[in-house]
Structure formats: structure tokens, C-alpha cells
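Spelled out, the chains give:
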Amino acid sequence: GNETIGPMRFDDIQLEIGESVNSYNYLESGYLRDSLFNWAHRPDVMQIGNVTGINCPQGADAGIEFGAGDSFNYASHRVYINGKAGDVFSAGAWAKANSVATNTAKDAPDDSRLFGISITFSHPNVEDTVYRIPFNSFCDDWQFVSSAVVAPADYDAVYFYLDYQNNENTAIFTLPYLYKE
């Protein structure tokens, strides 16, 4: 027979009664508890798990990204989903940072300092479309951002990024989500 031996992992299980699923988080390991399973990140700037001495919203654990000037710090998650133009997603997360502008490059674009979420729709045969959901870089307390994003064309994947780029000090992100409406 077909016998399989080994560990099994369940993440964010949700059971619902009704005709459609509501508020299913497409981000695996969205609570950022023990690992960044299925998340890509720079290992030299990311720490995962409990944050000592910091009260995260809703008792969550958090991923920490350490900002280093003129660097591209991020954690990204590829969602293997395809869909049609007009599909609507809700995206959001909690974050806290001591964000500082570090635009030292003379030709740096105005948006080169990032503290927020980016959603990218990957289109077959079409240039990718990126949506930015910024956090308030002048606030050093916990804040929540959420926004709806609409797929402008048919897509074969959605990428979710937690961004802290061209910045100093630390940023803490927790409870990221991506729901299809």
C-alpha cells in the first residue's frame, strides 16, 4: 500500500459553514511563530519568533527586519494562485518601526525608502503590477494597515512583501494576511 511516514504541518486551518470561504489567509506561516516556511528573506537581516520586551498586537509573535542603510530588506511570500482581471484581494499587517529616511543616492527615486507592504500580481506575458500599502514612517508605535488591491489583468501568482528598505533602526512586522474577496 501507499504508506507515508514523517511529519505533517497544518497552518491556519479554518472550517466554515456556507457557500464560500471567507477570510482565508493565503499566507502560509502568517503568524510568524516558529519559522518563515514558504517565505523568502535575507537571512542576515531577519529574525523570527518571540520578541522579548515588546507587546505585539493580539499577543502575536513577530518577524524583525533590521534596517541597514541603502539595503533592500524584505520578506516575501509567493502565493500559488491564478485568477482573472478584476479579482479583489485584501492585504494588511501590523508593524512598528523607528523609521529614518536614508535617501543618500543622488538619483534615488522618491519611493526608494520603503516601510510597508507591497503586493505584486505576476501576469503571463504582461509586465508585473505592484501595489504599495505604506505604513506611517513618522509613527514609532504599533500601527495597522489594510487595503484592497484589484488584479488589473489575468495573473498566475501573487507576491506579498513586507518591506523595510533604505532605512535604519529596526522594523517589526506581525500578523500579515492576504484574503481573496
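Owing to the predicted nature of the structure, the values given are computational and were not obtained by experimental measurement.

**What to know about the overall build of the protein chain**
Here is step 1 of the chain: Assigned secondary structure in the protein chain consists of zero helices and 10 strands.
Here is step 2 of the chain: Along its sequence from the N terminus, the protein chain presents helices and strands in the succession β-β-β-β-β-β-β-β-β-β.
Here is step 3 of the chain: Summing over all exposed atoms, the protein chain offers an accessible surface of approximately 10,500 Å²; the carbon and sulfur share of this is 48%.

**Notes on the sheet that holds strand S7 (residues 126-134)**
Here is step 1 of the chain: The five strands are arranged S1-S4-S9-S6-S7 in an open sheet whose pairing can be described as antiparallel. Strands at the two margins of the open sheet, each flanked by one partner only, are strand S1 (39-41) and S7. On average, each strand axis in the sheet is inclined to that of its neighbour by 20°, with strand direction left out of account.
Here is step 2 of the chain: In this sheet, strand S9 (residues 157-165) lies alongside strand S6 (residues 114-123) in antiparallel orientation, the contact comprising nine bridges. Of the residues in S9, the one forming a bridge with leucine 114 is glutamine 165.

**A word on the packing of aromatic side chains**
Here a ring pair, both rings aromatic, is described through the centre-centre distance and the interplanar angle of the planes.
Here is step 1 of the chain: Throughout the structure, instances matching the rule amount to 14 aromatic pairs.
Here is step 2 of the chain: Ring centres 5.0 Å apart and planes at 25° place the aromatic pair phenylalanine 115 and phenylalanine 135 in the stacked group. One end of the pair, phenylalanine 115, is in strand S6; the other, phenylalanine 135, is in the loop between S7 and strand S8 (143-150), and 20 residues separate them in sequence.
Here is step 3 of the chain: Residue classification places phenylalanine 135 among the buried positions, given a relative accessible area of 5%.
Here is step 4 of the chain: Ring geometry for tyrosine 177 versus tyrosine 179: centroids 4.5 Å apart, planes at 25°, classification stacked.
Here is step 5 of the chain: Given the relative accessible area of 11%, tyrosine 177 is considered buried.
Here is step 6 of the chain: Through a chain of ring-to-ring contacts, three or more aromatic side chains come together here, namely Tyr24, Tyr26, Phe89, Phe121, Tyr131 and Tyr155.

**Structural notes on the confidence of the model for the protein chain**
Here is step 1 of the chain: Looking at the protein chain as a whole, its pLDDT mean stands at 77, while 66% of the residues score no less than 70.
Here is step 2 of the chain: The secondary structure element of the protein chain with the lowest average pLDDT is strand S2 (residues 46-49), at 63, and the one with the highest is S8, at 95.
Here is step 3 of the chain: Within the model, the stretch residues 104-109 combines pLDDT values under 50 with one contact to residues more than four positions away or in other chains.

**Describing the environment of isoleucine 172**
Here is step 1 of the chain: On the secondary structure map, isoleucine 172 appears in strand S10 (residues 170-180).
Here is step 2 of the chain: Sequence separation between isoleucine 172 and tryptophan 94 is 78 residues; the distance between their C-alpha atoms is 8.3 Å.

**So, the nonpolar core**
Nonpolar side chains tend toward joint burial in soluble globular proteins.
Here is step 1 of the chain: One finds Ile117, Ile119, Val158, Phe160 and Leu178 to be the most contacted residues of the largest nonpolar core, which totals 27 residues.
Here is step 2 of the chain: Those elements that provide at least two residues to this core are strand S4 (74-79), strand S5 (88-97), S6, S8, S9 and S10.
Here is step 3 of the chain: A per-element tally of this core places S5 first, with five residues.
Here is step 4 of the chain: Once residues within four sequence positions are removed from consideration, leucine 178 is found in contact with Tyr24, Asn25, Tyr26, Leu27, Val79, Phe89, Ser90, Ala91, Ile119, Val158 and Phe160.

**With respect to the side chain of serine 76**
Here is step 1 of the chain: Tracing the backbone through its elements, the reader meets serine 76 in strand S4.
Here is step 2 of the chain: Of the residues examined, serine 76 reaches a relative accessible area of 9% and is grouped as buried.
Here is step 3 of the chain: Once residues lying within four places of it in the same chain are set aside, the contact partners of serine 76 are Asn38, Trp39, Ala40, Phe160 and Tyr161.

Rules used in this analysis
Residues take numbers from 1 onward in each chain, read along the sequence in its written order. In keeping with the model being predicted, local features are shown solely for residues with a pLDDT of at least 70 and side-chain atom pairs are shown and tallied solely at 80 or more, while totals for entire chains, interfaces and linings include all residues. Side-chain descriptors were evaluated using all non-hydrogen atoms of the structure, hydrogens and water having been removed beforehand. Starting at the N terminus, helices and strands are each numbered in turn, a helix being any DSSP run of H or I of at least four residues and a strand any DSSP run of E of at least two. Computed with the Shrake-Rupley method and a 1.4 Å probe, the accessible areas treat only the protein chains shown as cover for residues. Only strands joined by at least two bridges in the DSSP assignment are considered to pair. To get an axis, a line is fitted to the C-alpha atoms, and for a helix only the part in contact is used. The angle between two axes follows their N-to-C directions and goes from 0 to 180 degrees. Stacked, tilted and edge-to-face are the three classes applied to pairs of Phe, Tyr and Trp rings, where Trp contributes its six-membered ring and a pair requires centres within 6.5 Å; stacked means planes under 30 degrees apart, edge-to-face means over 60, and tilted covers the rest. Think of it in three bands: residues with accessible area under 20% of the maximum for their type are buried, residues over 50% are exposed, and the middle band is partly exposed, with areas taken using a 1.4 Å probe on protein chains only. The quantity known as pLDDT measures the predictor's confidence residue by residue, on a range of 0 to 100. Only heavy atoms enter the contact rule, under which two residues are in contact if any of them lie within 4.5 Å. To form a nonpolar core, buried Ala, Val, Leu, Ile, Met, Phe, Trp, Tyr and Cys residues must be joined to one another through side-chain atoms within 4.5 Å.

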